[in-house]
Amino acid sequence: MATNKDFLECSTDLYNYYGPKPKGDIQSREINKTPSPRVDKARQLYFETKSSASVEFPYWYTRKWQDLEGEVPIIRRAEALKAGFEHLTPAIFPGELLAMGKAHYLRGSYPMPWLSEAFFLAQEDEMYKEIQKAGKVSADEVTTMGQGGGNVTKSSGNVISIAGKFGLRKEEMPMLLKVAKKWHNRSVDDVGHKYEQLVPDYKTKEEIMRAVICMFDSGYTLPQGREVMNYFYPLQYGIEGIINICKEKASDTAGYPGMDRLYFYKAVQTMLEGLQTWINNYAKEARFMASLEETQGQKEEYLEVAERLEWLSKNKARNFHDALQLVWIFHVAVLNEDAISGLSPGRLGQVLYPYWKQDMDNGTLTNEKTIELLECMRMKFTEIDCFASMGVVGGVLSGNTFNNLCVGGLDKDGESAANELEMLIMESAMTCDTPQPTLSLLYDEKLPEDFLLKGIECTKIGTGYPAWVNNRVAMEFLLSNFKKEGMELEEARAWSLGGCLETSPSSWMPLELNGITHYIPGGSAPATSVGVHFISLPKVLEAVLFDGMDMRTGQRVYPPHGFKLDSYEEVWEAFKKYFSITVEVLTLTNNIQHDVWGKISPSIINSMLKPDCLDLGKDISNKGCRYNRTFNVEVCGGVNLVNSLASIKKNVYEENSFSLNDLRSAIDANFGYVSALETGSYSLTEQLKTKDYKEWLKIHKLCFDAPKYGNDDKYVDDLFKEWQIWFNKMCKDYRSLYDEPMYSCQISVSTHAPMGAVTLATPDGRLCGTTFADGSVSAYPGTDKNGPYALFSSATCYNHALSQNSQLNMKIHPSVVKGREGSRKFLEMIKAYLRKGAFHAQFNVVDSRMLKAAQKNPETYRGLMVRVAGFTQYWVELGKQIQDEVIARTEYEEI
């Protein structure tokens, strides 16, 4: 294996530190706090638990669905969901102060074959073979299943591994396959596929997917999520109150034009009755557990859980604990109706503040008890799993579910919305440092300094949260894109982040408590990141260089572009042509998928929660929400694209250092290196040379030495700005399912790893199979040579409000931000960046040597977390591609 030094000698000065290289022992993070004893036990139990799948919900859902052939579709859907909820086996774990979960496993989830069953049917024979051979696996091999944290990466014993993450009991597999077969040619995937084939040029879409130019279809994979929850209706009315609203509205609409409203209200009522049974089943379980419990304190806690759930099955929350439990109930309920990632609680501290203040004022709650409850909430969110394919769970989500809790921002009147409860939320994120919910601080100049310094203190623990997000830039984006639907300045202030980093429209809702009206923020739009999901920009450029061919598979993806590529301008025009073809065909097919989803599997619970669905009697798929322009075009690898364009422009057309044919040959030869797919090393720090590497050494060095984004270099930054302006404008030329223009979205999540894996070497010097640059304005690892402020200048060379987001990740050595002086210097750096008009920044405060040690000895670092791209995850649950990329990021020793 080549060392970093060997590699630099044969290419260029790729050095992954800015400032002096760290010396001495590995530096740990400055701040280290511990959770309350009960939550510490819960976290240890979580560490010992594997992600597990159950067939319980899909079995009862499918059974009821079949019984109701011919029923009104949304009623049929509601009854099927109701059956699923009513038959979920409750499980309450000792010490829990918040009850209920997705399934009866601690880290439980389940497949939803009504969305897509093809994965199970395609692998039916393989799965049965796994059942047969799994019993022969030795006990020694069973113990290795713990590697990778909670991921069940291999089948062993009585457990079958699905999607490289979930374990399913062997005896449940035949039932899963039986249920899956019931959905053959009936699922959203199958029906959508049937009709998307009618789209002109559908063949190109298939080739785009095979080449992994696009990561996945969103219509059946993750149809909801990347949005902000709205908890207003349950808090304001209670479940029984909402049922009465539905009965009244159904009575008013029965027999009148617009009959779909009648069916919607009946569906909501049916669903809520199912939720009541689900909640009461947990209450019964709590009372049963109490009857078995000998310890008086635990017995009383079980009884308190039972009483609280029984009350909330009908009534409004009475206090902070009630409100937190009710919020959690509806959060899980929405998660259980669809495959969802990025269902964010939003500005939860501002939603719950009236209850918290009431209890603090009357002396029934303390700060210590608040933190303990918030820690319990963090554990419940961390236990959430999203069941999806390996490509989605690993390649996009990295096992994360992106529940973003935001703090700060402005209130309805334009003043600071920060409050004492949000300070405690940040404190609980330090005492109980778990991946979920992640935190984002909505930065505004009106936020108090002590609040911002608390955010800095939290960031310094090294978990990567809170992310720092520019409140004003987000509001500008919303006012620009949702003005037509009535968005005004006051409403724009209610916004929050859905998913890891998706700017989401929200609204102020009038919550009445103790005779006082409190305006609380909550989401008022459907999923704000559905549409074209993750286009690989370097892969599109690769197709340009090879005239529409995917050289990895040997298949033609696009028709010949017709350009001779005699000039840089022709390369740019050819790229725009192929990219436009990609967006067009994916938009059309995606619209069909989402339309079919709305017909077969409409959202009922989430629709009921979102204004103005309940008032209008329309679900989300029928534009019942207040804001509906939420379809976007997501891209990945933008920095590698621009660096590659700079290299082509300078080396091929301006300085004639080598020809385009020479570049093609060098790319095809991977610049004389072995592919990362063979070496298993996915960054440039360690790669193997071939015997012919010297033949390509000159071209490779010139490619690396070409101007690189992130150094305040006008040459490449102008190309980046040109790309940004064109991309943000062209998205509006395409229409969503709701006949609204699309907008741009620029985040990578984990897609820069699998997309890099299928992409040849690129003209910027990156090697085949290695990851792309993360985020959207992060520099490629090791290429930002001029410090953070030069990177900030490059990143803000365009208007960030043109896009739904931008994403900057930085890695900082703990010594740089140590102590009070380090905290203030850190805060001033963040302020400087956001004041330049940036949208987002997030930080790994970590010694890279610790990450390397954790990669070699993962069992020693079970609790270590890092920031990837919009989310935080346990190091041991990340794939090696992402681990290598995070290690390789430039580490700042000076700021």
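Read on for a plain summary of the structure. (Residues numbered from 1 in each chain as written. Predicted model: local features only at pLDDT ≥ 70, side-chain atom pairs only at ≥ 80, totals over all residues. Heavy atoms only, no water.)

### Structural notes on the overall build of the protein chain
No. 1: Along its length, the protein chain carries 36 helices and 25 strands.
No. 2: Whereas a compact globule of 895 residues would reach a radius of gyration of roughly 29 Å, the protein chain reaches 26 Å, a difference of no more than 12%.
No. 3: Taking the principal axes of its C-alpha atoms as reference, the protein chain extends roughly 75 × 65 × 65 Å.
No. 4: Per-residue burial over the protein chain gives 66% buried out of 895 residues.
No. 5: Taking the contacts inside the protein chain whose residues are at least 6 apart along the sequence as the reference set, 78% of them involve residues at least 24 apart.
No. 6: Surface summary for the protein chain: the accessible area is close to 30,000 Å², and the carbon and sulfur share equals 50%. (Helix = DSSP H or I, 4+ residues; strand = E, 2+ residues; numbered from the N terminus. Rg over C-alpha atoms; globule rule 2.2 N^0.38 Å. Buried < 20%, exposed > 50% of the residue type's maximum accessible area, 1.4 Å probe, protein only. Contact = heavy atoms within 4.5 Å. Areas by Shrake-Rupley, 256 points an atom, 1.4 Å probe, with all protein chains shown as cover.)

### Quick word on the nonpolar core
Soluble globular proteins: nonpolar side chains tend toward being buried together.
No. 1: Membership of the largest hydrophobic core comes to 269 residues, with the highest contact counts inside it found for Trp278, Phe579 and Trp723.
No. 2: Apart from residues no more than four positions distant in its own chain, Trp723 is found in contact with Leu537, Trp572, Phe575, Phe579, Val635, Leu641, Val642 and Gln746.
No. 3: Counting residues in each nonpolar core, the second largest holds 13 residues, with Ala53, Ile162, Met173 and Ala180 among its members. (Core = buried A, V, L, I, M, F, W, Y, C linked by side-chain atoms within 4.5 Å.)

### Quick word on the packing of helix α27 (residues 638–654) against helix α31 (residues 714–730)
No. 1: Relative to each other, α27 and α31 sit at 125 degrees, their axes nearing to 9 Å. Taken together, the axes of α27 and α31 are oblique relative to one another. As α27 packs across α31, the resulting crossing turns out to be right-handed. Only Tyr715, Val716, Leu719, Phe720 and Trp723 of α31 make contact with α27, whose side of the interface consists of Leu641, Val642, Asn643, Leu645, Ala646, Lys649, Lys650 and Glu654.
No. 2: Tallied by class, residues from the contact of α27 with α31 come to nine nonpolar, one polar and three charged. (Axes fitted to C-alpha atoms, helices over the stretch in contact; angles between N-to-C directions. Parallel < 35°, antiparallel > 145°, perpendicular 65-115°, else oblique. Left-handed = near helix turned anticlockwise from the far one by under 90°. Nonpolar A, V, L, I, M, F, W, Y, C, P; charged D, E, K, R; others polar.)

### Description of the sheet that holds strand β20 (residues 743–746)
No. 1: With mixed pairing, the four strands of this open sheet are ordered in space as β6-β16-β19-β20. Pairing within the sheet leaves two strands with one partner each, and these edge strands are β6 (214–216) and β20. On average, each strand axis in the sheet is inclined to that of its neighbour by 35 degrees, with strand direction left out of account.
No. 2: Strand direction decides the pairing type here: strand β16 (residues 530–536) and strand β19 (residues 631–636), joined by five bridges, are parallel. (Pairing = 2+ DSSP bridges.)

### Some remarks on α27
No. 1: When the terminal C-alpha atoms of α27 are compared, their 22 Å separation across 17 residues agrees well with the 24 Å that a helix rising 1.5 Å per residue should span.
No. 2: In terms of burial, α27 is largely enclosed, as 13 of its 17 residues are buried.
No. 3: At the exit of α27 stands Asn656, carrying a positive phi of roughly 50 degrees. (Expected span 1.5 Å × (residues − 1).)

### Side note on the side chain of Asp189
No. 1: Among the structural elements, Asp189 can be located in helix α9 (residues 188–196).
No. 2: Buried and without a salt bridge, Asp189 has Lys205 as its closest oppositely charged side chain, separated by 7.7 Å.
No. 3: At 2.7 Å, the side chain of Asp189 forms a polar contact with the side chain of Ser116. (Lys, Arg positive; Asp, Glu negative; His and termini not counted. Salt bridge = Lys/Arg side-chain N within 4 Å of Asp/Glu carboxyl O. Polar contact = N/O pair within 3.5 Å; in protein donor to acceptor, adjacent residues only side chain to side chain.)

### A word on the pattern of salt bridges
No. 1: Counted under the stated rule, the structure contains 54 salt bridges.
No. 2: A salt bridge links Lys369 to Glu372; its shortest N-O distance comes to 3.1 Å. Linking Lys369 with Glu372, this pair stays in helix α17 (residues 367–382), spanning three residues, or about one helical turn.
No. 3: Overall, the relative accessible area of 30% leaves Lys369 in the partly exposed class.
No. 4: Notably, a salt bridge pairs Glu740 with Lys484, separated by 4.0 Å at the nearest N-O pair. Of this pair, Glu740 sits in the loop between α31 and β20 while Lys484 sits in the loop between α21 (471–481) and α22 (489–492), and the two are 256 residues apart along the sequence.
No. 5: Glu740 gets classed as buried once you look at its relative accessible area, which sits at 7%.

### Some details on the packing of aromatic side chains
No. 1: Going through the model one piece at a time under the given rule, you end up with 44 aromatic pairs.
No. 2: Both rings, one in Tyr353 and one in Trp356, keep their centres 5.8 Å apart while their planes meet at 35 degrees; by these two values the pair is tilted. Taken together, the positions of Tyr353 and Trp356, both in helix α16 (residues 348–361) and three residues apart, correspond to about one turn of that helix.
No. 3: Ring plane angle 65 degrees and centroid distance 6.0 Å describe the contact between Trp572 and Trp726, whose orientation is recorded as edge-to-face. Within this pair, whereas Trp572 is found in helix α24 (residues 568–600), its partner Trp726 is found in helix α31, the two being separated by 154 residues in sequence.
No. 4: A relative accessible area of 5% places Trp572 in the buried class.
No. 5: Three or more aromatic residues joined by ring pairs form one cluster here, namely Phe57, Tyr61, Trp65, Phe85, Tyr110, Trp114, Trp183, Trp278 and Tyr282.
No. 6: Over the ring of Tyr874 we find Arg862; its NZ or CZ atom is 5.1 Å from the centre of that ring. (Phe/Tyr/Trp six-rings, centres within 6.5 Å; stacked < 30°, edge-to-face > 60°. Lys NZ or Arg CZ within 6 Å of the ring centre and 35° of its normal.)

### So, the packing of helix α15 (residues 320–337) against α16
No. 1: Two elements in contact, α15 and α16, have axes separated by 8 Å at closest approach and are oriented at 155 degrees. Taken together, the axes of α15 and α16 lie roughly antiparallel to each other. Together, Phe320, Ala323, Leu324 and Val327 of α15 and Leu348, Leu352, Tyr355, Trp356 and Asp359 of α16 make up the contact between the two elements.
No. 2: Of the residues in the contact of α15 with α16, the class split is eight nonpolar, no polar and one charged.

### Concerning the pairing of strand β14 (residues 506–513)
No. 1: Counting buried positions over the eight residues of β14 gives six, a clear majority of the element.
No. 2: Across eight bridges, the pairing between β14 and strand β15 (residues 516–523) is antiparallel. Within the sheet, the bridge partner assigned to Leu511 lies in β15 and is His518.

### Quick notes on unusual backbone geometry
No. 1: Here the bond from Gln436 into Pro437 is cis, since omega is -15 degrees, no more than 30 degrees from zero.
No. 2: Note that Pro437 resides in the loop between α19 (420–431) and β10 (438–443).
No. 3: With omega at 0 degrees, the peptide bond leading from Tyr465 into Pro466 counts as cis.
No. 4: Among the structural elements, Pro466 can be located in the loop between α20 (449–459) and β11 (467–470).
No. 5: For Met100, which is not glycine, the phi torsion reads 90 degrees and is therefore positive.
No. 6: Along the chain, Met100 falls in the loop between α4 (73–86) and β3 (108–109).
No. 7: Residue classification places Met100 among the buried residues on the basis of a relative accessible area of 1%.
No. 8: Backbone geometry at Phe402 places phi at a positive 55 degrees, although glycine is not the residue there.
No. 9: With respect to the element layout, Phe402 can be found in the loop between α18 (390–393) and β9 (404–408).

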